[in-house]
Amino acid sequence: MDFSKGHYKDIILSIDEENTKCADCDKENPSKVSVNNGIVLCEGCALQHLDLGTNVSYIRDLSGDFDEYLLNYFTLGGNSKFKRFLKEENIDPNLPIKTKYLTKACQFYRINLKKKVQGEKLLEKNYDNPNEIIENMEIYFPEFEDYVMKNDTSKSHPSNQNVEKAKKIIGNIGSNLFSFGKKLYSNVKQGANYVAVKAKPATNQIKKGAVFMGHKAGDAYSSLKNKIVALNKGKIKDNENNNINNNNNEINNEQNNIENNNNLINDNNINNNENNGPGILLNHPISGQQSPEGNGGQ
């Protein structure tokens, strides 16, 4: 094979006819590759692969530097083999990128592809559910820059020494930052778990206190409600007693009126009897006129 600069892209594209399209979205004229998955990608899908980390998908430019070892990831892999594997494992090729490549099946594919390239014995399937997601993937693919520095025979050339030193410094800085970030994440996670454990008793106490206060508030409400009901009943009783007293007063007033009327009638009868002596009737009881006898019989 011709490994001169500028021919890598043509070599990778010619290995597999499916390599002329993106392995994820089938967009033509791809410009990126995922080395450890042995597939070719468009730039848009490659940007999503970057979020997965280099241990899941190591993204390089299709027109970048390759050698025979790295090209073997595409001669032994390629888009067609990857898609056929997904179909055999019942992995939906239209799954989101951040889900598809984190499945146990895809991890298994990457590990065995690397073993093929290195001429090692392949792993047997060790999973029941190929779609199961793996949150912590520790299978790390060496960074391309590190590999080039270790295997590029021209790096000792005086014209390349400064470039190689810069690459080494950048590589060390990146490695240290990665280690620091991983350690920081681990410490933050442990701290969060510690806080959660410590906060749990306090949370339970707050919960118990809330339940206790709820019961107390319920008792106070019931007591107040009973008092209000009793007070209303007392007012109703007082109103009933007042109505009874008012009715009794009205009855007494009626009786007094009847007695007064009877007394008036009796007084009138007495007066009439006094005026009506034997054979004398001075006043007519109805008209008030004198009777004929009172006028001397005229």
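Residues numbered from 1 in each chain as written. Predicted model: local features only at pLDDT ≥ 70, side-chain atom pairs only at ≥ 80, totals over all residues. Heavy atoms only, no water.

This paragraph deals with the packing of aromatic side chains. A full pass over the atoms with the stated rule returns eight aromatic pairs. Ring geometry for phenylalanine 85 versus phenylalanine 108: centroids 6.5 Å apart, planes at 25°, classification stacked. On the criterion of sequence distance, the pair formed by phenylalanine 85 in helix α4 (residues 79-88) and phenylalanine 108 in helix α6 (residues 104-118) is long-range, its members being 23 residues apart. Between phenylalanine 85 and tyrosine 109 the ring centres are 5.1 Å apart and the planes differ by 40°, which places this aromatic pair in the tilted class. In this pair, phenylalanine 85 sits in helix α4 while tyrosine 109 sits in helix α6, placing the two residues 24 residues apart along the sequence. The class for tyrosine 109 is buried, based on a relative accessible area of 11%. Each member of the aromatic cluster is reached from another via a ring pair, and the members are Phe82, Phe85, Tyr101, Phe108, Tyr109 and Tyr127. (Phe/Tyr/Trp six-rings, centres within 6.5 Å; stacked < 30°, edge-to-face > 60°. Helix = DSSP H or I, 4+ residues; strand = E, 2+ residues; numbered from the N terminus. Buried < 20%, exposed > 50% of the residue type's maximum accessible area, 1.4 Å probe, protein only.)

Okay, the packing of helix α1 (residues 8-15) against helix α3 (residues 68-75) next. When two helices pack together, their arrangement is given by the angle between their axes and by how far apart the axes lie. Viewed as axis vectors pointing N to C, α1 and α3 meet at an angle of 25°, and their least axial separation amounts to 9 Å. Judged by the inter-axis angle, α1 sits roughly parallel to α3. In this structure, α1 meets α3 at a crossing whose hand is right-handed. Contacts from Tyr8, Ile11, Ile12 and Ile15 of α1 reach α3 at Leu71, Phe74 and Thr75. (Axes fitted to C-alpha atoms, helices over the stretch in contact; angles between N-to-C directions. Parallel < 35°, antiparallel > 145°, perpendicular 65-115°, else oblique. Left-handed = near helix turned anticlockwise from the far one by under 90°. Contact = heavy atoms within 4.5 Å.)

Quick look at the sheet that holds strand β2 (residues 39-41) now. In spatial order, the strands read β2-β1-β3; together these three strands make up an open sheet with antiparallel pairing. The open sheet is flanked by β2 and β3 (59-61), the only strands paired with a single partner. Recorded for the sheet is a direction-independent mean angle of 35° between the axes of neighbouring strands. Inspection of the sheet shows strand β1 (residues 32-34) paired to β3 by three bridges, in the antiparallel sense. Across the sheet, the residue bridging to serine 34 is isoleucine 59, located in β3. The strands that helix α2 (residues 43-50) touches are β1, β2 and β3; relative to β2, the one it contacts most, it runs at about 115°. (Pairing = 2+ DSSP bridges.)

Let us look at the pattern of salt bridges. One pass over the structure, following the stated rule, counts eight salt bridges. Of the charged contacts in the structure, one is a salt bridge between glutamate 89 and lysine 125, with a shortest N-O distance of 2.3 Å. Here glutamate 89, found in the loop between α4 and α5 (97-100), pairs with lysine 125, found in the loop between α6 and α7 (144-151); they are 36 residues apart in sequence, far enough to count as distant. A residue is classified by how much of its surface remains accessible, and lysine 125, at 51% relative accessible area, is exposed. Among the charged side chains, a network of salt bridges with common partners joins Glu18, Asp26 and Lys83. (Salt bridge = Lys/Arg side-chain N within 4 Å of Asp/Glu carboxyl O.)

Next up on the list: α1. When we look at burial in α1, the residues that qualify are Tyr8, Ile11 and Ile12. Down the axis, α1 shows its buried residues gathered within 95° of arc, on one side only. Considering only its buried residues, α1 is in contact with β2 and α3. (Arc of directions from axis to C-beta.)

Relative to each other, α3 and α6 sit at 130°, their axes nearing to 9 Å. Here α3 is positioned oblique relative to α6, judged by the angle of their axes. Judged by the twist between their axes, the crossing of α3 over α6 is right-handed. Contacts between α3 and α6 involve Tyr69, Asn72 and Tyr73 from the former and Leu113, Lys114, Val117 and Gln118 from the latter.

It is worth spelling out α2 at this point. Within α2 the residues assigned to the buried category are Cys45, Ala46 and His49. When α2 is viewed along its axis, its buried side chains cluster within an angular range of 105° and face the same direction. Along α2, the residues that are exposed and aim more than 90 degrees away from the buried face are Leu47 and Leu50. If you follow the buried residues of α2, they end up packed against β1, β2, β3 and α5.

Next up on the list: unusual backbone geometry. One non-glycine residue, asparagine 29, adopts positive backbone phi at about 60°. Positionally, asparagine 29 belongs in the loop between α1 and β1. The phi dihedral of asparagine 90 is positive, around 60°, even though this residue is not glycine. Of note, asparagine 90 is situated in the loop between α4 and α5.

Read these as layout, nothing more, since geometry by itself doesn't imply function.
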